[in-house]
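An overview of the molecular structure
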Amino acid sequence: MINVLADQYLYNISAYLPPKVNVSLYDPAEGLPDLSNADGLLVRTVNPINAETIPDIPDCLSFIGTGSSGTDHVDQPYLRANNIAFADAAGCNALSVAEYVAVGLLLWAEQTESELQQLKVGIAGKGYAGTEVNKLLTSLGLTTTCYDPPKEEREASFRSASKEQLLASDILTFHTPLTTSGPYPTYHWLDEEVLADYSFQLVINAARGGVVDEQALLEASKNGTVNHFMLDVWEDEPYIRKRSAANAFLRTPHIAGYSVQAKEKASKFVADALLNHFGLERASGPARPDPKIITNSADHYNSLSDLLTVLHPIRTYQQKLARIINEHWDDRGPRFNTLRATYPLRQEFNNIQLPQSYTDRFPVLEKLGFHLVG
């Protein structure tokens, strides 16, 4: 029997672990639990893992996993120095992020009366999420430019656009890790210097807060070199900045990658890595969720935006975040994290059934990947 401590918000995590694993769930809002008897620890991004949060690593602890694709909250050299195996859930939420970006773009285009097919989208970062974003936007008929020099160095088959080619785009969307060192640091990649020389109709950050310099973005928005911006991630997260939120076209609480399917993958990825580490057999996991079925007539909706906000809770998240900002500012950090952790997860589009008649009115739905019936 091994003892594992797991963040209570890791989706169905106990179902992915066999009886030989004794799982104890903890509340991340209270910080990391006592690790003195833990063989493994499973966390999310809200709990940093470093020499300050775990100054004394117990001898029994040999594995730490994070149910997230990003790992900037984990000091991996520190873990390696202490012989702690580490695993993440890279790629688990890539499709969910792509759907978030696509919905955001469609809402923005309808509200601003922009023709997306006439605009070029620059994608910074072509890892799991950037690849899915590129695939989905291309299916929508958009022209994309993908920038990822580190990937070009790793993969002989990939050719990155130049920085100048990326910055010639009308729209920028970020899907990079947050790094501060190495040949291609991403911290404040979009900064005052870049924004002094280039202008954009829309900037989207669904990667990590800090990849975009929010103060520089606000100044660019003020002087008109950036028309609009969408933020799902924030520099001082969870203590978001009021001016950044107030001026964003869309503002959401770091949920671009939040879907039932993404959370299932995250839990399975880290659970499987833990079981491999300890040489244990995998569990069967939970039953697959039933598809979400939409039966209303397409005429029930006034516009594509009206329908999209039923199919994706992006506007609901924005409203709930606005309430935190307007009514609970001093307590915004804990409330931000609670909103992320407790709001019901959405279904990805391929798990939503729509009547075929919907595409007669909104042809873009089929390209977004919805399951059409009838």
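Up top is the structure these notes are about.
Residues numbered from 1 in each chain as written. Predicted model: local features only at pLDDT ≥ 70, side-chain atom pairs only at ≥ 80, totals over all residues. Heavy atoms only, no water.

**Some remarks on the overall build of the protein chain**
Threshold: Strands are runs of DSSP state E lasting at least two residues, helices are runs of H or I lasting at least four, and both sets are numbered from the N terminus onward. Radius of gyration here uses only the C-alpha atoms, and the compact-globule reference equals 2.2 Å multiplied by the residue count raised to the power 0.38. Using a 1.4 Å probe on the protein chains alone, a residue whose accessible area is under 20% of its type maximum counts as buried, one over 50% counts as exposed, and one in between counts as partly exposed. Contacts are assigned to residue pairs with any non-hydrogen atoms lying within 4.5 Å of each other. What sets the accessible areas is the Shrake-Rupley method with a 1.4 Å probe; for residues, cover comes only from the shown protein chains.
Helices and strands together make up the secondary structure of the protein chain, namely 14 helices and 14 strands. Here the protein chain has a C-alpha radius of gyration of 21 Å; the compact-globule value for 374 residues is 21 Å, and the two agree. Buried positions account for 52% of the 374 residues belonging to the protein chain. Across the protein chain, contacts joining residues at least 24 apart in sequence account for 62% of those joining residues at least 6 apart. Total accessible area on the protein chain is roughly 16800 Å²; 45% of this is exposed by carbon and sulfur atoms.

**Thoughts on a negative patch on the surface**
Defined as follows: Only residues whose relative accessible area exceeds 30% and that form no salt bridge enter a patch; like-charged residues are grouped when within 9 Å of one another, and nonpolar side chains (Val, Leu, Ile, Met, Phe, Trp, Tyr) when within 5 Å. Any carboxyl oxygen of Asp or Glu that lies within 4 Å of a side-chain nitrogen of Lys or Arg is treated as forming a salt bridge with it. Only four residue types enter the charge count: Lys and Arg as positive, Asp and Glu as negative, with His and the chain ends excluded. For charged residues, the charge sits on one atom: NZ in Lys, CZ in Arg, CG in Asp, CD in Glu.
A contiguous patch of negative charge, built from Glu192, Glu193, Asp197 and Glu219, is present on the exposed surface. The greatest single-element share of the negative patch, amounting to three residues, is contributed by helix 6 (residues 192–197). Checked against the element boundaries, Glu219 lands in helix 7 (residues 214–223). When its relative accessible area of 35% is taken as the criterion, Glu219 is described as partly exposed.

**Side note on the nonpolar core**
Condition: We call a set of buried Ala, Val, Leu, Ile, Met, Phe, Trp, Tyr and Cys residues a nonpolar core when their side-chain atoms join them within 4.5 Å.
Leu105, Leu116, Leu354, Leu365, Leu368 and Phe370 are the most contacted members of the largest nonpolar core, which has 53 residues in total. If you list the elements that add at least two residues to this core, you get helix 2 (94–112), strand 6 (120–124), helix 3 (128–139), strand 9 (200–205), helix 10 (304–311), helix 11 (314–327), strand 13 (352–355) and helix 14 (364–368). In terms of residue count, helix 2 provides more of this core than any other element does, eleven residues in total. Discounting residues that sit within four places of it in the chain, Leu365 has contacts with Leu304, Leu307, Leu311, Leu354, Tyr358, Thr359 and Phe370. Within the second largest apolar cluster, 29 residues are counted, among which are Trp189, Leu195, Val203 and Phe336.

**Thoughts on empty space enclosed by the protein**
This is how the line gets drawn: We place a 1 Å grid over just the protein atoms. Points where a 1.4 Å probe fits but has no way out form a cavity, open points with protein on both sides within 12 Å along at least 5 of 7 lines form a pocket, and any residue with an atom within 4 Å of a point lines it. Grid points are joined across faces, edges and corners, and a volume is the space filled by probe spheres set on the points. Gly falls in the polar group here, along with every residue not listed as nonpolar (Ala, Val, Leu, Ile, Met, Phe, Trp, Tyr, Cys, Pro) or charged (Asp, Glu, Lys, Arg).
Taken as a whole, this structure holds one cavity of 30 Å³ or more when the rule is applied. Estimated volume of the largest cavity: approximately 30 Å³. As for the largest cavity, its lining consists of Tyr9, Leu10, Tyr11, Arg44, Gly67 and Lys263. Class assignment of the residues belonging to the lining of the largest cavity gives a composition of three nonpolar, one polar and two charged.

**Topic: helix 12 (residues 332–342)**
Short version of the rule: It is the directions from the helix axis to the C-beta atoms whose arc is reported.
Among the residues making up helix 12, those that are buried are Arg332, Gly333, Phe336, Leu339 and Arg340. Here the buried residues of helix 12 occupy an arc of 130° about the axis, which is enough to place them on one side. If you follow the buried residues of helix 12, they end up packed against helix 11.

**Some remarks on the layout of surface pockets**
Empty space within the second largest pocket amounts to approximately 620 Å³. What lines the second largest pocket is a set of 27 residues, among which Thr45, Val46, Glu237, Pro238 and Asn337 lie closest to the centre. Tallied by class, the residues present in the lining of the second largest pocket amount to eleven nonpolar, eight polar and eight charged.

**A word on helix 7**
In an α-helix, one turn spans 3.6 residues, which is why side chains three or four residues apart end up on the same side. Under the convention used in this document: Throughout this description, a polar contact denotes any pair of N or O atoms lying within 3.5 Å of each other; where both atoms belong to protein, one of them has to be capable of donating a hydrogen while the other can accept it, and for residues adjacent in sequence the pair is counted only when both atoms sit in side chains.
All of the buried residues in helix 7 are Glu214, Ala216, Leu217, Leu218 and Ala220. As for helix 7, its buried residues are in contact with helix 6, strand 9, strand 10 (226–231) and helix 8 (242–247). The N-cap of helix 7, judged by a side-chain oxygen 3.1 Å from the amide nitrogen of Gln215 a few residues on, is Asp213. Of the residues flanking the end of helix 7, it is Gly224, one or two places downstream, whose phi is positive at about 90°.

**Some details on the sheet that holds strand 2 (residues 21–26)**
Applied cut-off: Strands are labelled as partners when DSSP assigns at least two bridges between them. The axes are straight lines fitted to the C-alpha atoms, using for helices just the contacting stretch, and the angles between their N-to-C directions are given from 0 to 180°.
Taking strand neighbours across the sheet as the criterion, the five strands line up as 2-1-3-4-5 in an open arrangement whose pairing is parallel. Single-partner strands in this sheet number two, and they are strand 2 and strand 5 (85–87). Across the sheet, the mean angle separating the axes of adjacent strands is 15° when strand polarity is ignored. Pairing of strand 3 (residues 40–43) with strand 4 (residues 63–66) involves four bridges; the strand directions are parallel. Bridge pairing in strand 4 links Val43 to Thr66. Contacting strand 1 (2–7), strand 2, strand 3, strand 4 and strand 5, helix 9 (residues 260–278) runs over the sheet at an angle of about 165° to strand 4.

**Some details on the pairing of strand 10**
Spelled out, the test is: Handedness of a crossover: with both strands directed away from the viewer, a clockwise path from the first strand across the helix to the second marks it as right-handed.
In this sheet, strand 10 lies alongside strand 9 in parallel orientation, the contact comprising five bridges. Its bridge partner being in strand 10, Leu202 is matched across the sheet by His228. On the question of chirality, the crossover connecting strand 9 to the parallel strand 10 by way of helix 7 is right-handed. Of the strand pairs in this sheet, strand 10 and strand 11 (residues 250–251) are connected by two bridges, and their pairing is parallel. Considered in strand 11, the bridge of Met230 is made with Leu250. Taken together, strand 10, helix 8 and strand 11 constitute a β-α-β crossover, and its handedness is right-handed.

**Focus: the pairing of strand 9**
Every regular strand shows the same layout, with side chains that alternate between the two sheet faces. Counting buried positions along strand 9 yields five of six residues, so the element is predominantly enclosed. Alignment of strand 8 (residues 171–174) against strand 9, held across four bridges, turns out to be parallel. Each bridged residue has a counterpart across the sheet, and for Ile171 the counterpart in strand 9 is Leu202. Once the chain exits strand 8 it traverses helix 6 before rejoining the sheet at strand 9, and the crossover so formed is right-handed.

**A short note on unusual backbone geometry**
Going from Glu237 to Pro238, the amide bond is cis rather than trans, its omega being 5°. Among the structural elements, Pro238 can be located in the loop between strand 10 and helix 8.

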